[in-house]
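# Observations on chain architecture
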Amino acid sequence: MNVTAKSKTTVLPPLLLILTLLPLLLMPLGAIFVFAGRAGLPGLIHTLSQPDAQFALRFSLLIAFGTAVVNGVLGTFAAYVLSKYRFRGRETLNVIVNLPVAIPTVVVGTSLLLLWGPIGLLGQFLDPLGIQPMFAPAGVLLAHLFVTFPYMLGAVKPVLDELETTYEEAAYTIGANRWQTFRYVILPALCGGLFSGLLLTFAHSLGEFGATVMVSGNLRLRTQTAPLYIFAQFEAGNIETANAVAAVLALTSFVIFMLLQRVTQQRNRRAS
Amino acid sequence: MSIILNDLTARYGSNIVVNRVSLEINDGELFVLLGGSGSGKSTILRMIAGLTQPAGGRIEINGRDVTTLPPQQRGTGFVFQNYSVFRHMTVSDNVEFGLRIRRVAPAERHKRSTELLDLVGLGGLGERFPDQLSGGQQQRVALARALAYEPAVLLLDEPFSALDVKIRSQLRQSLKDIQRQLKVTTILVTHDQEEAFELADRIAVIERGYLVEANTPEALYHEPRTEFAATFVGGGNVLVGRVEQEQIKLGAVSLPLPPAAPPHEEDAPVRLLFRPETVYIGATPPAAGSDVRMLGEARVCEAMFSGSQQRLRLEMRGFEGVRSLSPPPPYGRRIFYIDAIQTSDRAAELTRPAPGDRVWVGLRHYHILEPSGLKLLIAYAETPGGKAAVAFGALAARAASGPATLLAVDDAERLSAARETLEELRRSWPGGPPPRLTTAVRPGAAAAEILAEAQEGDYELVILGREKEGLGPTARQILERTETPVLLVQEPRPQIARMLICTAVGEPGKTDVRFGGRVARRTRAAVTVFHVARPDSSPWERARVEQHMAAAQAVLDALGVTAETKIAAWQAEGVAAAIAAQAEAGDYDLIVIGAPARQHPARLRWTDFASQIVRQTSRPVLITPMVQ
């Protein structure tokens, strides 16, 4: 009885919430697709098949994939070291590796330029050798690795922290060496965290703008990622073109998001 | 011998958690390490498995020295308290894991896991995942997994403590059956006595990192050697009497000293253990000619009916000169408690003793523990104080009739000379070298090494020389950190005939009365309990002091120590001066003061107080720190 009484009184608050969110969240999401679909499906396909748009989307996906793979390995390694070893400066390091979430991405871009750019701290030595990481795909990858580093760590480290040391010790006494223990005992236990970390990294890399715009030089057909392309097209007044690519990005993110939801749900069910 | 531990030691920071444990475990034996939490029992097990690195000592498994080997090469099977079954593997994959690592063919692996799962009672559940099993079943998987690769030794760390009572006893039975069937050498760690008794071929009792005693459950229960084992294993009543002409004197009661009892010197304290179920309780004294020894009359203060038996706590008036060790008597009252158990009898239900009843108590059986004495550490140094410490130590050692160690701390290159000096002292010991006097030398800084030796050797009293001017740096450092009572000597005394126990109201005050009482009992010294009253104390505070002094008197009376109390008025010079003046006036041989516990914030301030006392008197001062 209580339950029905309660559900009756809770009509108003959800309604208010939806009304508030309508202009903030829901309508903008819809707008992308409305504008993208203005020219009809053939128009959309035409816009997307332009070489610039094609490149931007492919480049973005490639960079996101590369970032996810590299940070997948690096982030897991960092999480393992930070979780399982006790050493001096561990707390400090823990804060530092999580810092990228707090720093504005444009600042990240600037600092990368100051390090790797032609007159940067390291770049000035690389420049004479003909190595120029900035304004090149490598620069974009570096920026994305920096910006998305905490996501992998954040997904994997809690799982490792929860994994009792006896889990590993059991494997050792059974006869498994360190590598076998990692491969057969720890890695499978990390699976869920690893997967959601990869998805998160991928999604954030796909949408990265601030740092990318600084380090890429926004060179079309060379370093222009999808978000940069959208911005460029919008500025040039090609709203439909911009929205077509935006719709693809939004759709991809949506799929990734649904996948993430499922993984977390599965993990929660297992945990309970 | 399947497993040999030799002087195994483990440290955690500067703390010793396992202290020179030596054990030999036979092939096929089910050996139990029994101890409270923090006793170091799990650390011993982890060192055998290679999961914790020992700070010293040797571990041998089947004739192979494995002390420095990694866990992978030791061939042990380890079962953890929290199961630690691999969650992402099926039950059979878990069991087969060790075989997979050893590259055993899949068919054979499967055969072995099927056999083992049948053995642990999980036949047919091989395809399940651990999440689908109960805690008890998961622990069975862990057991099968640890047995799969035929380990040299099976190690179980509190394997049943996370399970509920019913599952626990089922699993215990299974473990016992499996162990008998496979004849695998097994070491089990537990804090549960019942579990230890049910399972063990032999039990080792571990306490504060020491191996207290190891024996079969029967011997440990009926004939323990030590007080700790006697009171830790099963309930036990322990009284301390005196030996007099082959008899045990407990006040007015006299019992024959059994011929099998460990040798006691005439007039030495003797500790008598009797189990609750061997206590005779009756409305009438035991009949003459029966083999029940009469103890006296008692009042029932608690009665608890638990189905098959009735547990009673009896209160007896304290005997002159008899100390009760267990159950611990209440402070300040001259009584002791005796625990008794009667088996339930429907017919006798009506005559069952109830609280308040007066009953007659007798002993059907008793056992004599090994004489302990007071374990002394005498620190020698080439100073007048150091020499005085040895002279006074000799006096104390004779009275304590316990083991004593002469210790010298010196630079590494001068150790052999120091060793020789100590041997010379031992040979020329007044009255000839006592049999339980040993010598030890340590390189390093005096204060740190004396403290380390006191902790490692589990000494009960450290005797230390001091400077004429005051504490001196070594004594000060030791006083700031010690948990063991310290006796500071500047000038030796010809005898220990008069003791001044200075007490404050409250806990440290009780500690010095208790410990001072023990010393006085052994030295036969007359005691004055002394308190300096604050000038501005309220009537309520004065009443508390009176009460405290009366309690101290009762404690000392119960020990058979001649004691008087004295409350002095506060003087302008302060408490330390009042104590020093009293010591001179009464020509006391030993001043006893209590100290706050080592961790207590007041300890440092207190050390200054001790140094004030020491500066104003040249007499030996015994400091008894409270132990938390």
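Conventions we followed
Residues numbered from 1 in each chain as written. Chains lettered and ligands numbered in written order. Predicted model: local features only at pLDDT ≥ 70, side-chain atom pairs only at ≥ 80, totals over all residues. Helix = DSSP H or I, 4+ residues; strand = E, 2+ residues; numbered from the N terminus. Buried ≥ 20, exposed ≤ 12 C-beta atoms within 10 Å, placed from the backbone. Contact = placed C-beta atoms within 7 Å. Expected span 1.5 Å × (residues − 1). Pairing = 2+ DSSP bridges. Axes fitted to C-alpha atoms, helices over the stretch in contact; angles between N-to-C directions. Parallel < 35°, antiparallel > 145°, perpendicular 65-115°, else oblique. Left-handed = near helix turned anticlockwise from the far one by under 90°. pLDDT = per-residue confidence, 0-100. Right-handed = clockwise from strand over helix to strand, strands pointing away.

Here we take up the overall build of chain B. The number of helices and strands found in chain B is 16 helices and 31 strands. On the principal axes, the C-alpha backbone points of chain B span a range of 90 × 75 × 50 Å. Considering chain B as a whole, with its 628 residues, one finds that 45% of them fall into the buried category. Restricting to contacts in chain B with at least 6 residues of sequence separation, those with at least 24 account for 72%.

Scanning chain A from terminus to terminus reveals 13 helices and zero strands. Counting from the amino terminus, helix and strand elements in chain A follow one another as α-α-α-α-α-α-α-α-α-α-α-α-α. Restricting the contact set of chain A to residue pairs at least 6 apart, pairs at least 24 apart contribute 76%.

Moving on, we come to helix α4 (residues 135-147) of chain B. Residue and element names in this part refer to chain B. For α4, spanning 13 residues, the distance from its first C-alpha to its last is 19 Å, which sits close to the expected 18 Å at 1.5 Å a residue. Along α4, eleven of the 13 residues are buried, which leaves the element largely enclosed by surrounding structure. Buried residues along α4 sit in contact with β6 (76-79), α2 (91-101), α3 (106-119), β7 (153-157) and α5 (165-182).

For the rest of this paragraph, the subject is the sheet that holds strand β22 (residues 376-380) of chain B. Residues and elements named next belong to chain B. Reading across the sheet, the ten strands line up as β24-β23-β22-β25-β26-β31-β30-β27-β28-β29 and stay open at both edges, with mixed pairing between neighbours. Unpaired on one side and paired on the other, β24 (437-443) and β29 (563-569) mark the two borders of the sheet. Taken over all neighbouring pairs, the strand axes of this sheet differ in orientation by 25° on average, direction set aside. Pairing analysis gives five bridges linking strand β27 (residues 498-502) to strand β28 (residues 526-533), with the strands arranged parallel. When the bridges of β28 are listed, Met499 appears paired with Val527. Lying on the sheet, helix α11 (residues 446-456) is in contact with β22, β23 (404-410), β24 and β25 (461-465); it crosses β23 at an angle near 150°.

Residues and elements named next belong to chain B. Taking every second residue as pointing to the same face, the buried face of strand β12 (residues 247-250) carries Ile248 and Leu250, while none of Gln247 and Lys249 on the other face is buried. With three bridges joining them, strand β11 (residues 237-244) and β12 adopt antiparallel strand pairing. Residue pairing in the sheet places Val243 in a bridge with Ile248 of β12. The hairpin turn running from β11 into β12, its antiparallel successor, is two residues long, and Gln245 in that turn takes a positive phi close to 45°. As judged from the four bridges shared by β12 and strand β13 (residues 253-256), these two strands associate in the antiparallel manner. Residue pairing across strands places Gln247 opposite Pro256, the latter belonging to β13. Two successive antiparallel strands, β12 and β13, enclose a turn made up of two residues, where Gly251 displays a positive phi of approximately 60°.

All names here are of chain B. Interaxial distance between α2 and α3 falls to 9 Å at its minimum, and their mutual angle equals 125°. The angle between the axes of α2 and α3 places the two elements in the oblique class. Crossing geometry of α2 relative to α3 is assigned as right-handed. On α3, the residues touching Val91, Ser92, Val95, Glu96, Leu99 and Arg100 of α2 are Arg109, Arg112, Ser113, Leu116 and Leu117.

All names here are of chain B. Take Pro151: it is sitting in the loop between α4 and β7. Here Pro151 falls in the buried class, since 23 other C-beta atoms lie within 10 Å of it. For the pair Pro151 and Gly126, spaced 25 residues apart in the sequence, the C-alpha separation amounts to 21 Å. Contact partners of Pro151, with chain neighbours within four places excluded, come to Gly75, Thr76, Gly77 and Ala146.

Another point: the sheet that holds strand β8 (residues 186-190) of chain B. Residue and element names in this part refer to chain B. Read from one edge of the open sheet, six strands run β6-β7-β8-β3-β9-β10, paired in mixed fashion. Edge positions in the sheet fall to β6 and β10 (210-215), since each has one partner strand and no second. The average undirected angle you get between the axes of adjacent strands in this sheet is 20°. Bridge count between strand β3 (residues 30-35) and strand β9 (residues 202-207): five bridges; the pairing is parallel. Paired with Leu33 across the two strands is Ala204, which belongs to β9. Where α4 meets the sheet, it contacts β6 and β7, and its direction lies at approximately 170° from that of β6.

The next point concerns the interface of chain B and chain A. At the junction of the two partners, chain B supplies 19 residues and chain A supplies 16 residues. Of all the elements in the fold, those that place two or more residues in the side of chain B that touches chain A are β6 and α2 of chain B.

The next point concerns unusual backbone geometry. Cis geometry marks the peptide bond from Ser326(B) to Pro327(B); its omega dihedral reads -10°. Relative to the assigned elements, Pro327(B) resides in the loop between β18 (323-326) and β19 (335-343). Even without being a glycine, Leu221(A) presents a positive backbone phi close to 65°. The residue Leu221(A) is located in the loop between α11 (210-216) and α12 (226-235) in this model. For Leu221(A), a count of 11 C-beta atoms within 10 Å puts it in the exposed group. Despite not being glycine, Arg208(B) shows a phi value in the positive range, around 45°. Here Arg208(B) is to be found in the loop between β9 and β10.

All names here are of chain A. In the predicted model, chain A carries a mean pLDDT of 88, and the fraction of residues at 70 or more is 94%. Looking over chain A, one finds the lowest element-wise mean pLDDT in helix α1 (residues 2-9), namely 52, and the highest in helix α4 (residues 51-84), namely 94. Between residues 1-5, whose pLDDT stays under 50, and residues either more than four places distant or in other chains, the model counts zero contacts.

With that out of the way, let us pick up the environment of Glu207(B). Residue and element names in this part refer to chain B. Among the structural elements, Glu207 can be located in strand β9. A residue is classified by how many C-beta atoms lie within 10 Å of it, and Glu207, with 21 of them, is buried. Counting along the chain gives 123 residues from Glu207 to Pro330, while the straight-line C-alpha distance between them is 24 Å. Once residues lying within four places of it in the same chain are set aside, the contact partners of Glu207 are Gly35, Ser39, Val212 and Phe228.

Consecutive side chains along a regular strand alternate between the two faces of the sheet. Residues and elements named next belong to chain B. Taking burial as the measure, the six residues of strand β30 (residues 590-595) include six buried ones, the bulk of the element. With burial as the criterion, each face of β30 is covered, one bearing Leu590, Val592 and Gly594 and the other bearing Ile591, Ile593 and Ala595. Summarising the sheet, β27 and β30 pair through four bridges and their orientation is parallel. Its bridge partner lying in β30, Leu500 is registered against Ile591. Pairing between β30 and strand β31 (residues 621-625): five bridges, direction parallel. Paired with Ile591 across the strands is Val621, a residue of β31. Each parallel crossover has a hand, and for β30 linked through helix α16 (residues 603-616) to β31 it is right-handed.

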